Structures are given as C-alpha cells and as structure tokens.
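# Coordinate inspection notes
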Amino acid sequence: MEIYVQLLVRTVVLYIIVLIVFRLMGKREVGELSIMDLVVFVLIAECVAFAIEDVDKPLFQNVFPILLLLGIQYINSLITLKSKKIRDLIDGDPSVIVENGIINQEEMRKQRYNLDDLFQQMREERIGSVQQIEYAFLEPSGKLSIFLKDDDPLIFPLIVDGYIIDRHLTFIQKDRDWLIKSLKKEGYENINEIFYCCYEDSELHVQLKSTA
C-alpha cells in the first residue's frame, strides 16, 4: 500500500511541477514548437517517467534535471529574443516552396518535402491549384503558409531586430544598397537601432527598438 501512496504523491507533485515549468516557458501552439522546444519537452517527459518509476531515489534528484532544462530554455529564449541570427540558427528560416505558381523543386529536395505533402496541405486550406498561389512558405514548424494571387500583396519584413533580410529584398526586386540609402534619406543611420522595417505602398515603414 505504501508504494501506491508514494506513486500518488510523486505523480501529483510532478504534474504540478511540469505544469508550472510549461507555463513559465511561454505560450506557443503545439504545431508551432521549435526544434529546441521539442527537445526540451521530450527530455522533460523522460525525466518525469524516471521520477515516477524510481521511487527509491529522492524526488528532488529527479526534479533537478527538469529545473535545469527550464533554466536552459529560459536562457535560450532570452538569447533568441535579442538575436535573429541565433533564432534562425536554432529554429531555421521559412522555405519558399511555391512562388508565383511555380514549385521550387530544389527547395523541396533540400527540406525533404514531397508533392504529396504539398497537395495535402493545399487540400486542408481548400486550395485547388498551385497556379492560384503567389507564395507558399514551409515554416520551421512544418506548417505551410499560403498566400494566393487574389489576396492583398504580401508585405515582407526587410529588417528584423537590426538584421537585414536580403532574400526579402530580392522578392521586391530591391537590394541592400537601396535599402541603406533609402533609410539614410529618412534619417535612419544605424541599422542596428531598427526593430522592424517593411516596404509598403512605395514607402518604408520603420519602428525603432525600445530603449527600455
């Protein structure tokens, strides 16, 4: 009987701890978890399984790795919040699978993404033809984001967290020199001070980083 009481107490305590840990990690949909999130969640699940099974080991010894993973994830979130380059390194960039009705075969091979995957996600979005698609992005989460030719024009961020996104400049048929010169004309000398910038209605829209 005593063993069942220990299992009950351990299960309840671990449930509460894991609930708190996931709450502290922030709010993200399951389908939008990054690779780092998934690794942490799998490791936490393993730690919880060992903690419930091994009743002879003190509970804190099993809880400590969970708290350690929480610390690692928290530090990682702070670093990635400050640096887009590190975010891209860990999470990856969206991949352009379809552009102006043309399927990017090279990118599909690179991402190990096949036509059946594409057509399935098109059906889920009730899109009948590739020719209707202006852009289709394969997100790091595996979700396909689709923008149709009949939709409003897609506005690409040109600068994120002080980092110029060159491939977005290519999409709007501009280059880095044009962007830097245009920003200087608007009075923005330091790219690193820019939090977000886009090009809409033939003009640049800029938001500077918060000083707080």
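Residues numbered from 1 in each chain as written. Predicted model: local features only at pLDDT ≥ 70, side-chain atom pairs only at ≥ 80, totals over all residues. Heavy atoms only, no water.

## What about the overall build of the chain?
- Summing up its helical and strand segments, the chain has eight helices and eight strands in all.
- Referenced to the eigenvectors of the C-alpha coordinate spread, the extents of the chain come out at roughly 75 × 45 × 25 Å.
- Every one of the 212 residues in the chain was classed for burial, and the buried ones make up 30%.
- For the chain, the share of sequence-separated contacts (at least 6 apart) that also reach a separation of at least 24 residues comes to 49%.
- Computed over 23 positive and 33 negative side-chain charges, the inter-centroid distance for the chain is 4 Å. (Helix = DSSP H or I, 4+ residues; strand = E, 2+ residues; numbered from the N terminus. Buried < 20%, exposed > 50% of the residue type's maximum accessible area, 1.4 Å probe, protein only. Contact = heavy atoms within 4.5 Å. Lys, Arg positive; Asp, Glu negative; His and termini not counted. Charge placed at Lys NZ, Arg CZ, Asp CG, Glu CD.)

## Observations regarding a nonpolar patch on the surface
- Judged by side-chain polarity, Leu8, Val12, Tyr15, Ile16, Leu19, Ile20 and Leu24 come together as a nonpolar surface patch covering roughly 720 Å² of accessible area.
- With respect to the helices, strands and loops of the structure, Tyr15 is situated in helix 1 (residues 2-24).
- Looking at Tyr15, the relative accessible area reads 54%, which means it is exposed. (Patch = residues over 30% accessible without salt bridge, like charges linked within 9 Å, V, L, I, M, F, W, Y side chains within 5 Å. Areas by Shrake-Rupley, 256 points an atom, 1.4 Å probe, with all protein chains shown as cover. Salt bridge = Lys/Arg side-chain N within 4 Å of Asp/Glu carboxyl O.)

## Re the environment of Ile102
- Assignment of secondary structure puts Ile102 in strand 2 (residues 102-103).
- Assessed through its relative accessible area of 59%, Ile102 is described here as exposed.
- Separated by 20 residues in the primary sequence, Ile102 and Lys82 have C-alpha atoms spaced 35 Å apart.

## Looking at the state of the cysteines
- Taken as a whole and assessed by the stated rule, the structure comprises zero disulfides.
- Looking at the unpaired Cys197, the closest cysteine sulfur is the one in Cys198, lying at 6.4 Å.
- Residue Cys197 is classed as buried on the basis of its relative accessible area of 0%.
- Its relative accessible area of 4% is what places Cys198 among the buried residues. (Disulfide = S-S within 2.5 Å.)

## Details of the sheet that holds strand 1 (residues 95-99)
- The strand order across the open sheet built from four strands is 2-1-3-4, with neighbouring strands paired in antiparallel fashion. Looking at strand neighbours, the two that pair on one side only are strand 2 and strand 4 (144-148), the edges of this open sheet.
- Sheet analysis places strand 1 next to strand 2, joined by two bridges and oriented antiparallel. When the sheet's bridge partners are listed, Val98 is paired in strand 2 with Ile103.
- Here helix 6 (residues 115-124) sits on the sheet and contacts strand 1, strand 2, strand 3 (133-138) and strand 4; the angle it forms with strand 4, its principal contact strand, is near 65 degrees. (Pairing = 2+ DSSP bridges. Axes fitted to C-alpha atoms, helices over the stretch in contact; angles between N-to-C directions.)

## Here we look at the confidence of the model for the chain
- Averaged over every residue, the pLDDT of the chain is 85; the share at 70 or more is 94%.
- Mean pLDDT across the secondary structure elements of the chain bottoms out at helix 4 (residues 84-91), with 73, and peaks at strand 2, with 96. (pLDDT = per-residue confidence, 0-100.)

## Regarding a negative patch on the surface
- A grouping of Glu186, Glu200, Asp201 and Glu203 is seen on the molecular surface, where their side chains present a negatively charged patch.
- Secondary-structure assignment places Glu203 in strand 8 (residues 203-208).

## Points about unusual backbone geometry
- For Gln173, which is not a glycine, the phi torsion comes out positive at approximately 60 degrees.
- Note on placement: Gln173 falls in the loop between helix 7 (166-171) and helix 8 (176-185).
- Here Gln173 falls in the exposed class, since its relative accessible area comes to 73%.
- The backbone of Ser202 shows a phi angle near 65 degrees, a positive value even though the residue is not glycine.
- Structurally, the position occupied by Ser202 is in the loop between strand 7 (194-200) and strand 8.
- We classify Ser202 as exposed; its relative accessible area is 63%.

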